[in-house]
Every structure is written in C-alpha cells, then in structure tokens.
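Analysis of the macromolecular model
One letter stands for each residue in the lines below.
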Amino acid sequence: MSEPRLRVSRGLTAMRLAARGGARYAVNAPRLFAAAGEHRQRLRDDLALRTAQDVADTLGTMKGVLMKIGQLASYVDAGLAPPARRVLSALQDSVPPMSPELAAGVIEAEFGAPPAAVFGEWDPLPIAAASIGQVHRAITRDGQAVAVKVQYPGIAETIAADLGNVALIRSLLKMAAPAQDVEELIEELRERIGEELDYRHEADNQRLFADYFDGHPTARVPRIVDELSTARVITSELAAGARFGEMLSWSQEERDLAAETIYRFTFRSLYEMRAFNGDPHPGNYLFEPGGRVTFLDFGLVKRFSDDEIRPLIEMVDALCLNDDPEAFRRAMEGAGFLKPDAPIPTADVVAHMSLFYDTIRDRGPRTMTSEYSSVVARRYVDFKSPLAAYAKIPRSYVILQRINLGLFAVLGQMNATADWRSISEEIWPFVLAPP
Amino acid sequence: MTADVFPGTGLFQRAAAAFADCVPVDPADEGLFGPGSVTWRLYADLSAPVSGLRSLLLQALHPLAMAGVDQHSQWRDDPGARYASTAAYVLTTTYGDKAAARAAATRVRKIHEHVRGTDPVTGKPYAASDPALLIWVHAALVDSGLAAADRYGIALSDADKDRHVAEMTAVAEIIGVPPVPFADGGAPASVAELDAYFAAVRPDLATSRSTEDTATYLLGMPDIEPELADVWRVLAAAAVTSLPEWARAMYQFGAGGPAPDSVPPSREEVRQVLGILDAVYLGEPGVLEARQRLTLRMRGAEQRRADQARAGQTGAEQAR
C-alpha cells in the first residue's frame, strides 16, 4: 500500500470514528470519568495512577478483590448490605485512571513497542473505565478503529495473591451479601475473578459469542483483533451506538425491539451455546435503531455442561409446557435447588417459583415493568418463605441468578413489551418452533 | 477537640469523621510538617492503624500516664469518644495549618492543667503537663509509627527514620516539651536518641489493673462492628507482634498476640486485613475527599522538589 493512500484511509477512519459516536461513548462513559465537571476531570488527572506502586496502593491489599466481590455479590443478591454498598462505591471512586505514560507502558510491556508504533493512531486519554483497567480508542496500522482495554500493571498478581486468603474472603462475603450461602459462593467467585484477571479468557469468550452471533440481524459482538490481544490487553472492533440512558429516551417501539434483542441474546446463548454472559448490566450495551444491540464486556462468562443445562430445560418444560408440577419439583431437586423430601406441598413450591416464569407461561404480549423486576428480586431473597429452609443455589448456577436480578431489571427499566413466550419457543431447543 | 464533636456509634465512624474534619480544605500554611515531610508519608501508610494500637498499648505501661487517663477521663464509659478526640488531636497537629495545630495544643494543655493527682499504684504524684510524661507519650507514638511501618508498611531508609523522629519534635514542643536537645531534657530527635530514651525509662514502667483493662479493651474491642471483629483480631495480633519484647513480657503476651502460644501473623495477612480496614474507612463520608486533598498536596510537593532539582542542575551546568 502506498503511503499517501494509507494516510487518506487513516484520515477517513478517524473521521468515521468520530462521526460514529466515539465522542458520545466518551461522554456517556461510566461515572468514573463522566461524573466529571472540568474541575473533577482535572482532579482525576492530578490523581492519575502514575506507577505500578500507585496501582498496588489503590487496588492491592484486598481492595481490588473487595471491589470484585462487591460487584459479583451485587449480581447475586438483590440488596448489598448498605455499608458494603458504601464501601464499594467509595472504592470505585477511589480509582483514578492511569496516566497516559503508565497505560502506554503496559502496551510497551505487552508488545515490545510503544502505542504509537503498535497502532496507527493511539488516543492517550481513556474513554471508559473497565474492570481492573481502562479502555482507549485507537486505529490499527491497517486503519481499523478499535477499542483497546488495558489492564492496570501488576493488578493480576496482587489480586491473585489476595484471592488466596479464603478465610478473609469468607468474612467479606458475609459482610457484603449476608443473605447468601457463602460457602457455595466462595469457590465460584474465586474462579470467576481468577479468570477475569487473564484477559485471554475474556477474549476467548468474546470470540465465542462473536462467532456465534456472526450474521445475526440485530445482536452484534465486536470481533477480537487477535494479534493485538494478550493477557493484559484486549483489542476489539470499536463499537458505536447509544448508551442505555440515551436509548431510554427513544420511542417505546424502539425500546421494545432493543429489549427483544437482549432477551434473545441472553437465552439463545444460554440454551444453544450453553454460555451465559453474567453481566447483563446497562453499561454493557450499545444501541442503534431497529433493535440493533452491540454487546460489550465478556469478562464474566460462565459456560455450562449439558448436565447443568438439562434441569433448567426440564423445569421450563414441566412448568410452562406440560403443566406437570411433580416433574417440575423433581427437576428442581435434581439440580439441587430444592432438598429432596422437603415437607412442603408441591403446590406451594410451584406457587413460589412460578413468579420467575410469569412472563413465559402463556403466549401473548406482556410488559416487563420495574415493579415486576423488584417483585422478582424480593421473592428471590425472601428468606421468610417456608421454602427458604430447603432451597439453595448450587454453585454452578450462582451466576445465573443475574437473569432474575439483572436481566429482568434491565428489561423492566425499558418497560419492554413483547410476546416473551413466543420468542422463547423459538429459542427453546426442546420446542424448536419455527423462528 | 472534645469528644462530643464526633458522636456516633462505631469507632470507625468517629475516626473517619475526625479525619475528614481535620484535613484542612484551605490551609493557611503547610503546618508543622508539610506535604514533603517523612511524617506525612508515614502517616499515609497502610500500617497506621497498627501504629495507633501499638502506641496505646505501649503508653499504658507508664503508671503515671495511665493514672492521669484513668482518673481524669471517662474513657471507660465511652472509649470510642476518648479515642476519637486523641485521633483528632494527632490529625490536627499533623495536617492542620500552624494556627490549627497551636489551637489544638493550647486546648489540650488547658485540660492537662487539671490532670494531676496521686497514682494509686505507685503512690507517686503526677501531673499531665510534666515534660517527662509528655515525652513518654510522644516517644511511644513516634516509635510505634516506625515499628509498624517496619513490619507491615513502607520501607523507610535509616536517614528517613531519623528525619521522622526529628520532625516529630515539633509536635512534642507545642504540647509543652522543652525545645532543647534530648540530652538537656528535650524530645528524642533521632532513632538512636529514641532507643536511648526507652532504655532509660524502662525502670519507671509497670503494669496495673488499669493497664490490663486498657489492653483488654483495645485487643478485644467490644464496641467494634461485628463484621469487623475477625479483622480486628489480626490487627491486634499485629500490634502485639510489633511491640518491643520487653513490653510483651510486661503484658505477658505471646510472641504473636495476646495469647501465650500465639504465632505472629504474616506481613501479607496483616496487610490484607489493613486493606479491608482501609476500604471500610474509605466508605465513611468525607474520607476519600480528605485523602485526595492530601495526595494532591503531596504530589505538588514532589513536583516542586523535582523542579528545584532540575533548576539546580541547570544552574550548576551554567556555572560550569
């Protein structure tokens, strides 16, 4: 490729990049950067993490672990204890972005050359905070606009060491999520957090989803740029679109379409890929009109075995298709959700559980409201119910609770109406209705 | 600073409120130490809670100091309040501007005027304004900062340790220690003088019922939030571990904690617990902002030092 043409193509890409909402992405970035009047932004710059020692001081000695545990615990428990919530939000606020030099140092350490040499263009200012890192915009040497997630230097080592202190993590979890069965949570969380530290896991997950949804009319997953991704850096296509808050101002029709895409994405990946992106968080979507949604952040993905998925299918099958309460109960017991021989009439079990299946028991349009999602969340942590003493969430399914506590909240905020049952029938592998 | 200023239930809430309040937003000057001091660097260290706890355990070994606290403060009724007012004093003299530091010292000196009597244990008279007692309390504080950092915190060079001890004489002097060399009855101004001081004062030390009560309270921390009780146990073990051997022997503590057969906690374990404590502390209102105020000033001082060094270098080059 001749030099002038390269320059033109780069220029075009940069323009396209700006026009496609890169700037908007920055404005709507998570509150770490967005909370931000000019003064606040300058404060952040002045406080920027400049050295690996700054990173260790800010996120080492359990603080990074505490943040992750807090995040994960909030995924599986409707309400973190208020002191834990306070601590978590102060911790998040206490992490300033890396200085441009420190972030560039990570690129250099991973690729053996500074960002200006590794990429065609590199934006030294981060556009968003990410889990234990931050996101920069860049243009690759062959002109592709990309988002580059850069991990804080030294953070993986310090968090991995801190994760070894199981006794301390146990007491933290008890503090953060008093309602949960801590023993079931601990191993699952340690494993998930451990995976998050190595960005190669996340890149693998994202590749899996990107391949699976390749060509999907509305769901999109940015492709990983393999040669620019390592254990500490993930480079993927730069996605464009409106943030969740902006999408909420769109027409209800547009919101319904977007909600349908999120719903299809979640359950199709669960039932067919047997993988669940455990982070249905408003910050992880970018919206475009026509129900097109780009899904970001695959740091917290759980893959299931056939044996783990089967009881979930049996439960749906028994409750929504065959109306067979005894089979439903057996499936729950088989999966470990309910102790066998619990002295609870099956009718009560069904009455308690059917709320979670409320939107898919019958065909016809139903609206997901915030009221519904709060009722679901409250029922989920209702430890006064007679069922509570005999119910538990087996380890493999811990992360799935994000459907009840995260996905429904997102759809509820969108006030989304759809025929969820009919959509589900297209997805359920055991029904295989025509799409 | 009186105890009522920071009402509240938990120790942490009160300590945090004191911190948020005592780190000035708009100080008139750099105070007794300033952002470039070793003292600021040391007090920003994660090991500070261990230092505080060790310092109280050590201070309680002087019968006359203990008698003053016991007979003239309500610490048994509301130890959290007593602790918060001490913390507020230390924080104001460390971070406040000179006027705030002096005002705090004047208040304490006024209170000290009334703190006098006879120690029931030794039968000796005491007065809180006695420079010998003031130096005792001061030396325990300074020594504890260094000892806690040594084991669980930042590595200070020997020169920086000496600098810290020397910097701290300023805070001894505003409370009433004569501003004279250590040999003439002033506060220790180097690590060697600090060590010499402890060697000399040891015959005056003793334990009593009050000492035991103090230690029982500090190490057991009955008022602490239940979620933090496990965390406190590690902290208590760390404080005991970092005490001088002679002090542990006086208390009949084990090598690594209050129990005779206790094993010292590892540096890693203690730091992890300190990290949790620090996070809890950060969650209290105003703490993060106060900490950012300090970080900004310390970074500013660092920048100025670097600029000066560069300017000096340029000057030297020009002179050549």
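Residues numbered from 1 in each chain as written. Chains lettered and ligands numbered in written order. Predicted model: local features only at pLDDT ≥ 70, side-chain atom pairs only at ≥ 80, totals over all residues. Heavy atoms only, no water.

**Some words on the overall build of chain A**
Along the backbone of chain A there are 20 helices and 12 strands. For chain A, with 435 residues in total, the buried portion stands at 57%. A sequence separation of at least 24 residues applies to 73% of the contacts in chain A between residues at least 6 apart. A total accessible area of about 17900 Å² is found for chain A, and carbon and sulfur atoms account for 52% of it. (Helix = DSSP H or I, 4+ residues; strand = E, 2+ residues; numbered from the N terminus. Buried < 20%, exposed > 50% of the residue type's maximum accessible area, 1.4 Å probe, protein only. Contact = heavy atoms within 4.5 Å. Areas by Shrake-Rupley, 256 points an atom, 1.4 Å probe, with all protein chains shown as cover.)

**Some details on the overall build of chain B**
The secondary structure content of chain B amounts to 14 helices and 2 strands. Computed over C-alpha atoms, the radius of gyration of chain B comes to 20 Å, within 12% of the 20 Å expected from 2.2 N^0.38 for 320 residues, which places it in the range of a compact globule. The contacts in chain B between residues at least 6 apart in sequence include a share of 76% that link residues at least 24 apart. Total accessible area computed for chain B in this model is approximately 14300 Å², and 55% of it derives from carbon and sulfur atoms. (Rg over C-alpha atoms; globule rule 2.2 N^0.38 Å.)

**Quick notes on the interface of chain B and chain A**
With 24 residues of chain B in contact, the opposing surface of chain A contributes 24 residues. In total, about 2000 Å² of surface goes out of reach between chain B and chain A, with carbon and sulfur atoms giving 63% of it. Of all residues in chain B, B:Q272, B:I276 and B:R299 bury the most surface against chain A, accounting for 31% of the area lost on that side. Across the chain B-chain A interface, the total number found is 4 salt bridges. For the interface between chain B and chain A, the tally reads 9 residue pairs in polar contact (both at pLDDT 80 or more). Put simply, the parts of the chain that give the side of chain B that touches chain A at least two residues each are α11 (229-242), α13 (267-282) and α14 (287-319) of chain B. Of the residues in the side of chain B that touches chain A, the class split is 10 nonpolar, 5 polar and 9 charged. (Buried area = accessible area lost by both parts, 1.4 Å probe. Salt bridge = Lys/Arg side-chain N within 4 Å of Asp/Glu carboxyl O. Polar contact = N/O pair within 3.5 Å; in protein donor to acceptor, adjacent residues only side chain to side chain. Nonpolar A, V, L, I, M, F, W, Y, C, P; charged D, E, K, R; others polar.)

**Comments concerning the pattern of salt bridges**
Think of it this way: side chains of opposite charge can pair up when their charged atoms draw near. Counting across every chain of the model gives 36 salt bridges over all chains. For A:D198, the salt bridge is made with A:R200, and the minimal N-O distance between the two is 3.0 Å. Given the relative accessible area of 49%, A:R200 is considered partly exposed. Notably, a salt bridge pairs B:R291 with B:D278, separated by 2.9 Å at the nearest N-O pair. Taken as a pair, B:R291 in helix α14 and B:D278 in helix α13 lie far apart in primary sequence, 13 residues in all. The class for B:R291 is partly exposed, based on a relative accessible area of 24%.

**Examining the confidence of the model for chain B**
Residue and element names in this part refer to chain B. Counting all residues, the mean pLDDT for chain B is 90, and 93% of those residues have values of 70 or more. The low-confidence segment residues 1-9, where pLDDT is below 50, has 17 contacts with residues more than four positions distant or belonging to other chains. Confidence metrics for the complex model read pTM 0.82 and ipTM 0.80. (pLDDT = per-residue confidence, 0-100.)

**A closer look at the environment of A:D45**
Tracing the backbone shows A:D45 in helix α3 (residues 38-47). Between the C-alpha atom of A:D45 and that of A:M98, which follows or precedes it by 53 residues, the distance is 8.7 Å.

**Considerations on the nonpolar core**
If you look at the biggest cluster of nonpolar residues, it comprises 205 residues, and the most contacted ones within it are A:I262, A:F328 and A:M414. For this core, the element with the highest residue contribution is helix α7 (residues 131-152) of chain B, accounting for 10 residues. In contact with A:M414, not counting residues within four places along its chain, are A:F244, A:M247, A:L248, A:Q252, A:R255, A:A258, A:A259, A:I262 and A:F287. Of all hydrophobic cores here, the second largest spans 7 residues; its members include A:I127, A:A128, A:A130 and A:A147. (Core = buried A, V, L, I, M, F, W, Y, C linked by side-chain atoms within 4.5 Å.)

**Some thoughts on the sheet that holds strand β5 (residues 219-220) of chain A**
The strands making up a sheet are joined through hydrogen bonds of the backbone, oriented either antiparallel or parallel. Residues and elements named next belong to chain A. Strand order in the open sheet formed by 3 strands is β5-β9-β8, and the pairing between neighbours is mixed. Sheet topology places β5 and β8 (285-288) at the edges, where each strand pairs with a single neighbour. As judged from the 4 bridges shared by β8 and strand β9 (residues 292-295), these two strands associate in the antiparallel manner. When the sheet's bridge partners are listed, E288 is paired in β9 with R292. Along the sheet face, helix α14 (residues 252-273) touches β5, β8 and β9 and points at about 45 degrees away from the line of β9. (Pairing = 2+ DSSP bridges. Axes fitted to C-alpha atoms, helices over the stretch in contact; angles between N-to-C directions.)

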